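Fold and geometry: a report
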Amino acid sequence: MTESDEMLWMVRGVWVSLCLRAACELGVVDALDQPQDLATLATRCSANASTLGRLLRVLVDLGLLSNAEGRYALTTMGAQLSVGHPSGLRHLAMMQTELPNLTAWQHLADAIKRGSAVYKDLNGQTSWEWLASHPAEETVFNAAMARRGAAQVAAVLTAYDFSGVRLVIDVGGGQGAMLGELLTDQPELTGIVADRPEVAASATASLAAAGLGERARGEASDFFVSVPSGGEVYILSNILHDWDDAEAVMILRSVHAAMGPAAELLIVETVLDAPGRTTPEQRDVHLVDLNMLVLFGARERSHSQYDKLLVAGGFEPSSLAQSPNTWNVLLTRRTI
Ligand SMILES: C[S@@+](CC[C@H](N)C(=O)[O-])C[C@H]1O[C@@H](n2cnc3c(N)ncnc32)[C@H](O)[C@@H]1O
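By convention here, each chain's residues receive numbers from 1 onward along its written sequence. At least 70 in pLDDT is required for a residue's local features to be given in this predicted model, at least 80 for side-chain atom pairs to be given and counted, and no such filter applies to totals for whole chains, interfaces and linings, which use all residues. The basis for every side-chain value is the complete set of heavy atoms in the structure, and neither hydrogens nor water enter the calculation.

**With respect to the sheet that holds strand β8 (residues 264-269)**
Rule in force here: If DSSP finds at least two bridges between two strands, the strands pair. Strands here are runs of E lasting at least two residues and helices are runs of H or I lasting at least four, both read from the DSSP assignment and numbered beginning at the N terminus. Here, residues are in contact when the closest pair of their heavy atoms is within 4.5 Å. What counts as an axis is a line fitted to C-alpha atoms, over the stretch in contact for a helix, and the angles between N-to-C directions run from 0 to 180 degrees.
Reading across the sheet, the 7 strands line up as β6-β5-β4-β7-β8-β10-β9 and stay open at both edges, with mixed pairing between neighbours. With one partner strand each, in any of the chains shown, β6 (216-220) and β9 (319-320) form the two edges of the open sheet. Sheet analysis places strand β4 (residues 167-171) next to strand β7 (residues 233-237), joined by 4 bridges and oriented parallel. Following the sheet pairing, Val 171 is matched in β7 by Leu 236. Of the strands in this sheet, β4, β5 (190-195), β6, β7 and β8 touch helix α14 (residues 177-185), which is tilted by about 175° from β5.

**Here's the deal with the site of the ligand**
Which entries qualify depends on this criterion: Residues are counted as near a molecule or strand when any one of their heavy atoms sits within 4 Å of it. Any pair of nitrogen or oxygen atoms within 3.5 Å is treated as a polar contact; in protein, a donor-acceptor pairing is required on top of that, and neighbouring residues in sequence qualify only through side-chain atoms on both sides. Throughout this entry, Asp, Glu, Lys and Arg are counted as charged residues, while Ala, Val, Leu, Ile, Met, Phe, Trp, Tyr, Cys and Pro are counted as nonpolar. The remaining residues, Gly among them, count as polar.
Around the ligand sit 19 residues in total, of which Arg 148, Gly 172, Asp 195, Arg 196 and Ser 237 are the nearest. Between the ligand and the protein, one listed contact pairs an oxygen atom with a side-chain N or O atom of Arg 196 at 2.8 Å. Phe 223 is positioned such that a nitrogen or oxygen atom in its backbone is 2.9 Å from a nitrogen atom of the ligand. Counted by class, the shell around the ligand contains 7 nonpolar, 7 polar and 5 charged residues.

**Some points on the packing of aromatic side chains**
Definition in use: In summary, the pairing rule links any two rings of Phe, Tyr or Trp, Trp by its six-membered ring, whose centres are within 6.5 Å, and it sorts them by plane angle into stacked for under 30 degrees, edge-to-face for over 60 and tilted for everything else. Type-normalised accessible area, obtained with a 1.4 Å probe on protein chains alone, sets the label of each residue: buried when under 20%, exposed when over 50%, and partly exposed for intermediate values.
A complete count under the given rule lists 6 aromatic pairs for this structure. Summarising the aromatic geometry, the rings of Phe 223 and Trp 243 are spaced 5.9 Å apart at their centres and angled 85° between planes, so their arrangement reads as edge-to-face. Taken together, the positions of Phe 223 in the loop between β6 and β7 and Trp 243 in the loop between β7 and α16 (245-258) put the pair 20 residues apart, joining distant regions of the chain. With relative accessibility at 14%, the residue Phe 223 sits in the buried group. For Trp 243, a relative accessible area of 13% translates into the label buried. An aromatic cluster of three or more residues is present, and its members are Trp 128, Phe 141 and Phe 296.

**A look at a nonpolar patch on the surface**
What counts here: Residues with no salt bridge and a relative accessible area higher than 30% make up the patches, which join like charges within 9 Å and nonpolar side chains (Val, Leu, Ile, Met, Phe, Trp, Tyr) within 5 Å. Per-residue and other accessible areas were derived by the Shrake-Rupley procedure at a 1.4 Å probe size, with only the shown protein chains allowed to occlude residues. Salt bridges are identified by distance alone: a Lys or Arg side-chain nitrogen within 4 Å of an Asp or Glu carboxyl oxygen.
Together, Met 7, Leu 8, Met 10 and Val 11 give the surface a local cluster of nonpolar side chains, amounting to about 420 Å² of exposed area. For Met 7, the location among the structural elements is in helix α1 (residues 3-11). Classification of Met 7 as partly exposed rests on a relative accessible area of 48%.

**With respect to the sheet that holds strand β3 (residues 71-74)**
Hydrogen bonding along the main chain pairs the strands of a sheet, whether they run parallel or antiparallel. As summarised here, the arrangement of the 3 strands in space is β1-β3-β2, forming an open sheet in which the pairing is antiparallel. Of all the strands in the sheet, just β1 (36-37) and β2 (65-68) have a single pairing partner and so form its edges. Summarising the sheet, β1 and β3 pair through 2 bridges and their orientation is antiparallel. Looking across to β3, one finds that Asp 37 is bridged to Arg 71. Along the sheet face, helix α5 (residues 49-61) touches β2 and β3 and points at about 110° away from the line of β2.

**Quick word on the nonpolar core**
The test is simple: What makes a nonpolar core is a set of buried Ala, Val, Leu, Ile, Met, Phe, Trp, Tyr and Cys residues whose side-chain atoms join them at distances within 4.5 Å.
Of all hydrophobic cores here, the largest spans 47 residues; its most connected members are Tyr 234, Leu 236, Leu 252, Val 255 and Leu 265. For this core, the element with the highest residue contribution is α16, accounting for 6 residues. Counting 23 residues, the second-largest nonpolar core is a separate cluster that includes Val 153, Ala 155, Met 178 and Leu 179.

**Describing the packing of helix α2 (residues 13-26) against α5**
Test applied: With respect to orientation, any angle under 35 degrees is reported as roughly parallel, any angle over 145 as roughly antiparallel, any angle of 65 to 115 as roughly perpendicular, and every other angle as oblique. Working rule for handedness: look at the near helix, and if it is turned counterclockwise from the far one by less than a right angle, call the crossing left-handed; if clockwise, right-handed.
It is at 11 Å that the axes of α2 and α5 come closest, and there the two elements cross at 125°. The orientation of α2 with respect to α5, classified from their angle, is oblique. Viewed along their axes, α2 and α5 form a crossing whose handedness is left-handed. In contact with Cys 19, Ala 22, Ala 23 and Leu 26 of α2, α5 contributes Leu 52, Leu 55, Val 58 and Leu 59. For the contact of α2 with α5, the residue count by class is 8 nonpolar, no polar and no charged.

**Some details on the packing of helix α13 (residues 149-159) against α14**
Their axes nearest at 8 Å, the elements α13 and α14 cross at an angle of 50°. When the axis of α13 is compared with that of α14, the two are oblique. Note that α13 runs across α14; the crossing there is right-handed. When α13 is examined against α14, the residues Gly 149, Ala 150, Gln 152, Val 153, Val 156 and Leu 157 are found in contact with a partner set consisting of Met 178, Glu 181, Leu 182 and Asp 185. Taken together, the residues of the contact of α13 with α14 sort by class into 6 nonpolar, 2 polar and 2 charged.

**Considerations on the pairing of β7**
Along a regular strand, successive side chains alternate from one face of the sheet to the other. Going by this rule: A crossover gets the label right-handed when its path from the first strand over the helix to the second runs clockwise, viewed with the strands pointing away from the viewer.
Judged by how many residues are buried, β7 sits mostly within the fold: 5 of 5 residues are covered. Here β7 shows a buried face lined by Val 233, Ile 235 and Ser 237 and a second buried face lined by Tyr 234 and Leu 236. Two elements, β7 and β8, share 5 bridges in a ladder whose sense is parallel. Its bridge partner being in β8, Tyr 234 is matched across the sheet by Leu 265. Each parallel crossover has a hand, and the one from β7 via α16 to β8 is right-handed.

**Points about the domain arrangement of the protein**
Stated formally: For the purposes of this description, domain bounds are those given by an automatic or database domain assignment.
When its domains are assigned, the protein resolves into domain 1 (3-79) and domain 2 (144-333). Centre-to-centre separation of domain 1 and domain 2, based on C-alpha positions: 36 Å.

Printed below as a string of structure tokens:
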């Protein structure tokens, strides 16, 4: 590829994301449970055959489909967009191309000039408020978050020995994917997911569906007000990066107030200067950092930036554990 080919490819990037969205919305990927010709696929997707063929041509160019003698089949890469694929990338493809998110990204330059979020000004409500009033998209958002549960738990288990711990509180734990994975690995543990009311309810349902209903549940909680007390371990996974420094310290203070003196806090984030990340992984963290800016006026942070927040919230400077993947765990406890 020449430099100008590469540049043109980057310029077209939004169109590529929207082709993925269309493939998901049309059900193309899931209709390809076996190779199909265009006419069959068009019928199954309720689409015009001629225009569907034009989308399929792009999906073949992208390596998501193959086309042998007029029969389309999914490649292993394309299969990652199917419903139920463990990558969960379909949910991410849908979530990132929701109109309010695209609108916010269109004003990235404004966010950079202002040094603050643009989402609320453009969409009239925060991203959390929008999700609360759009249940289908809320489900997609929670599923997009849940896709990282196994990797996050692998990082947590490398960082921390749960022997003797009875109760874990996952603050802002979404639909409970991470807590569910953790409890499955650690049969003695019980847990609570503290999240917004509608998300806590879905956590209760998901944990029960995973056979963990006796040991875990969701609890409605606003982490700017209070979080459940009594945990020996508290987890804040992918929470602080959603908030600016002042808000992040407020969340830490709520957690601090709920924690007993011997309780420990695990912060799971992608710490900017943590070692071991590959170039594509680091590029992804940098892009997510801009997403945090446009949506929330927030940011990804370095270890020392997290420690500054922790100290302001009443915690000791943290230790950064070794990680088996791109997730980092910062371990800390209350100073007072
Ligand atoms: C980026 S998601 C992280 C989910 C999960 N912990 C993870 O690591 O994938 C942020 C979570 O914070 C929750 N949240 C946002 N505002 C909240 C609030 N005021 N109180 C409690 N939870 C909140 C959201 O509902 C969402 O589940």
